[in-house]
Amino acid sequence: MLYDTIWKDARLATMAGATAASADVGAIEHGVIAAKDGMIAYAGPAAEAPSLDAKRVVDCEGRWITPGLIDCHTHLIHGGNRAAEFEMRLDGATYEDIARAGGGIVSTMRATRAASEDELVADALPRLDALIAEGATTVEVKSGYGLGRDSEIRMLRAARRLGEERAVSIATTFLGAHALPPEFASDADGYIALLCDEVLPEIAALGLADAVDAFCEGIGFSVSQTERMFDAAVRHGLPVKLHAEQLSNLHGAALAARHGALSADHLEYLDEAGIAAMAASGTVATLLPGAYYFVRETKLPPIAALRTAGVPIALATDCNPGTSPLTSLLLTMNMGATLFRLTVAECLAGVTRNAARALGLANRGTLEAGKRCDLAIWNVERPAELVYRMGFNPLHARIWSGQ
């Protein structure tokens, strides 16, 4: 076979077959990767490779190759910023204080509603470019700052356009149930009815969303309201995920698991019942150390219990204007290690194999034949450097779909 490209003299962190809590990154010394039509045709030891002939051969000179990084939880599309609220928090205001005073998500809603689709795209591209520059090849983008039919659709259209403007895969998530808009300030059930009966059906018909999310929290939506969103998502053939147990324990993770959710995210207040439910359903635990750090949370997610139960752990930036203005998966991994005491292998799995699983994308996240040829090639001596450093980017090359 004539391959399109061969990467030789590489060290591979395949992330294939490694267990969640092991120190194994699936390392292969003296490795080679061969790509054909944007897919990996071979990834393994050079000594065991079939006859390799290609249009292009790249000598990696001993560099490490990982799967392309995946950010499985972002809010990249939004108007404005919330630096003023950051100052308020420094003066002692809590997340709930700011939200109840008309700030928080609703303040971003106003800026987002005022922005055109072109403006939303232009504002988001620098954030996306920062992720791409560190090896990201797939990025999830949520709506949830429009909080109305037209503005939510505009956000999702803008998110889809990011994938046209840059060589990156964009997964879109409808998060209409993120906060109550002013029009429904005293009628949460009415707003959920609008989302389920009118907005979601139109978004599904337009093909603008790959999944449906909600914010199940005391300052967000109740378990019963969240379940109505999930039921509507199922009717339209869309998988679900959930912001759960960030500020309190409403047992949202267990609800998400009962609905076969791809992931439950945040999880600082997750309990044993929620962990058991997630383990049984295969729901990924997506941890967001940027938000934990930025809001100065003190309650750690139950990492040891998640490990023991075998729940897959993903890591993501949660890039958003209010609680995690973070655009670095490398720093996210460092935070996962330093704040949550995750191992190097867990951090790398969290932004590759398990992040792919959190998006329902079985065709990426590991270096194996049959997977998309999304690669990150690094100027490092060992994979631990990707987690150890702060503010330093050792990316040598990024390959998206073989290119």
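Residues numbered from 1 in each chain as written. Predicted model: local features only at pLDDT ≥ 70, side-chain atom pairs only at ≥ 80, totals over all residues. Heavy atoms only, no water.

Taking an unreviewed UniProt entry as the reference, the protein is identified by name as Imidazolonepropionase belonging to Novosphingobium decolorationis. Its UniProt record, at the heading Function (unreviewed entry), says of the protein: "Catalyzes the hydrolytic cleavage of the carbon-nitrogen bond in imidazolone-5-propanoate to yield N-formimidoyl-L-glutamate. It is the third step in the universal histidine degradation pathway." Reading the Sequence similarities (unreviewed entry) entry of the UniProt record for the protein gives the comment "Belongs to the metallo-dependent hydrolases superfamily. HutI family." (UniProt positions renumbered as here; feature names shortened; annotations may be inferred.)

**Regarding the environment of Val240**
Along the chain, Val240 falls in the loop between α7 (223-235) and β10 (241-244). Judged by its relative accessible area of 3%, Val240 falls in the buried class. Apart from the residues within four sequence positions on either side, Val240 is in contact with Val212, Phe230, Ala233, His259, Ala261, Leu262 and Ser263. (Helix = DSSP H or I, 4+ residues; strand = E, 2+ residues; numbered from the N terminus. Buried < 20%, exposed > 50% of the residue type's maximum accessible area, 1.4 Å probe, protein only. Contact = heavy atoms within 4.5 Å.)

**Some details on the UniProt feature "domain: Amidohydrolase-related" (unreviewed entry) in the protein**
When the UniProt feature table is mapped onto this chain, "domain: Amidohydrolase-related" (unreviewed entry) is found at residues 64-380. Within residues 64-380, the helical portion is 45% and the strand portion 15%, while the C-alpha atoms at the span's ends are 7 Å from each other.

**Observations concerning the packing of aromatic side chains**
The tally for this structure, following the rule as stated, stands at 4 aromatic pairs. Look at Tyr191 and Phe221: their rings are 6.2 Å apart centre to centre, the planes differ by 25 degrees, and that puts the pair in the stacked class. Taken as a pair, Tyr191 in helix α6 (residues 188-206) and Phe221 in the loop between β9 (211-216) and α7 lie far apart in primary sequence, 30 residues in all. Comparing Tyr191 with Phe221 shows no difference in burial state: the two are buried. Ring geometry for Tyr292 and Phe340: centres 5.2 Å apart, planes at 75 degrees, overall edge-to-face. (Phe/Tyr/Trp six-rings, centres within 6.5 Å; stacked < 30°, edge-to-face > 60°.)

**Describing the sheet that holds strand β8 (residues 169-177)**
Spatial strand order, β6-β7-β8-β9-β10-β11-β12-β13: 8 strands in an open sheet with parallel pairing. Two strands in the sheet have a free side with no partner beyond their single neighbour: β6 (69-71) and β13 (313-315). Ignoring strand direction, the axes of neighbouring strands in this sheet form an average angle of 25 degrees. By the bridge criterion, 3 bridges tie β8 to β9 in an arrangement that is parallel. In the strand pairing of β9, Ala177 is matched with Ala214. (Pairing = 2+ DSSP bridges. Axes fitted to C-alpha atoms, helices over the stretch in contact; angles between N-to-C directions.)

**Describing the UniProt feature "binding site: Zn(2+)" (unreviewed entry) in the protein**
Residues annotated in UniProt with the feature "binding site: Zn(2+)" (unreviewed entry) correspond here to His73, His75, His243 and Asp318. Of the residues just listed, which span 246 residues, no C-alpha pair is farther apart than 12.4 Å, and they cluster in one region. If you trace the backbone, His73 turns up in the loop between β6 and α1 (83-90). On the basis of relative accessibility, which here comes to 0%, the residue His73 falls in the buried class. His73 has contacts with Glu140, Lys142, His243, Asp265, Thr286, Leu288, Ala316, Thr317, Asp318 and Cys319, leaving out every residue within four places of it along the chain.

**Points about unusual backbone geometry**
Here His30, not a glycine, exhibits a phi torsion of approximately 55 degrees, which is positive. Positionally, His30 belongs in strand β2 (residues 27-36). For Asp37, which is not glycine, the phi dihedral falls at a positive 55 degrees. Topologically, Asp37 is positioned in the loop between β2 and β3 (39-45).

**Observations concerning the nonpolar core**
Leu162 and Phe174 are the most contacted members of the largest nonpolar core, which has 96 residues in total. In contact with Leu162, not counting residues within four places along its chain, are Leu76, Ile77, Val121, Ala124, Leu125, Leu128, Val141, Val168 and Ile170. With 15 residues, the next largest nonpolar core counts Ala10, Ala35, Ile65 and Leu367 among its residues. (Core = buried A, V, L, I, M, F, W, Y, C linked by side-chain atoms within 4.5 Å.)

**Digging into the packing of helix α4 (residues 117-132) against helix α5 (residues 149-165)**
Contact geometry for α4 and α5: axes closest at 9 Å, N-to-C directions at 50 degrees. What the angle tells us is that α4 and α5 run oblique. Considering only the axes of α4 and α5, their crossing is right-handed. Residue-level inspection shows Glu117, Asp118, Leu120, Val121, Ala124, Leu125 and Leu128 of α4 in contact with α5, the latter providing Arg154, Met155, Arg157, Ala158, Arg161, Leu162 and Glu165. (Parallel < 35°, antiparallel > 145°, perpendicular 65-115°, else oblique. Left-handed = near helix turned anticlockwise from the far one by under 90°.)

**Notes on helix α9 (residues 272-281)**
Listed in full, the buried residues belonging to α9 are Gly274, Ile275 and Met278. Buried residues of α9, viewed axially, fall in a sector of 100 degrees; they line one side. More than 90 degrees from the buried face of α9, the exposed residues found are Glu272, Ala273 and Ala280. Residues of α9 that are buried in the fold lie against α8 (252-258), β11 (263-266), β12 (284-287) and α11 (303-309). Where α9 terminates, the next one or two residues include Gly282, which has phi positive at roughly 80 degrees. (Arc of directions from axis to C-beta.)

**Regarding the pairing of β8**
Across the 9 residues that make up β8, a large majority, 9, are buried. As paired strands, strand β7 (residues 136-142) and β8 are joined by 5 bridges and run parallel to one another. Looking across to β8, one finds that Val139 is bridged to Ile170. Where the polypeptide runs from β8 across α6 and back to β9, its parallel neighbour, the crossover connection is right-handed. (Right-handed = clockwise from strand over helix to strand, strands pointing away.)

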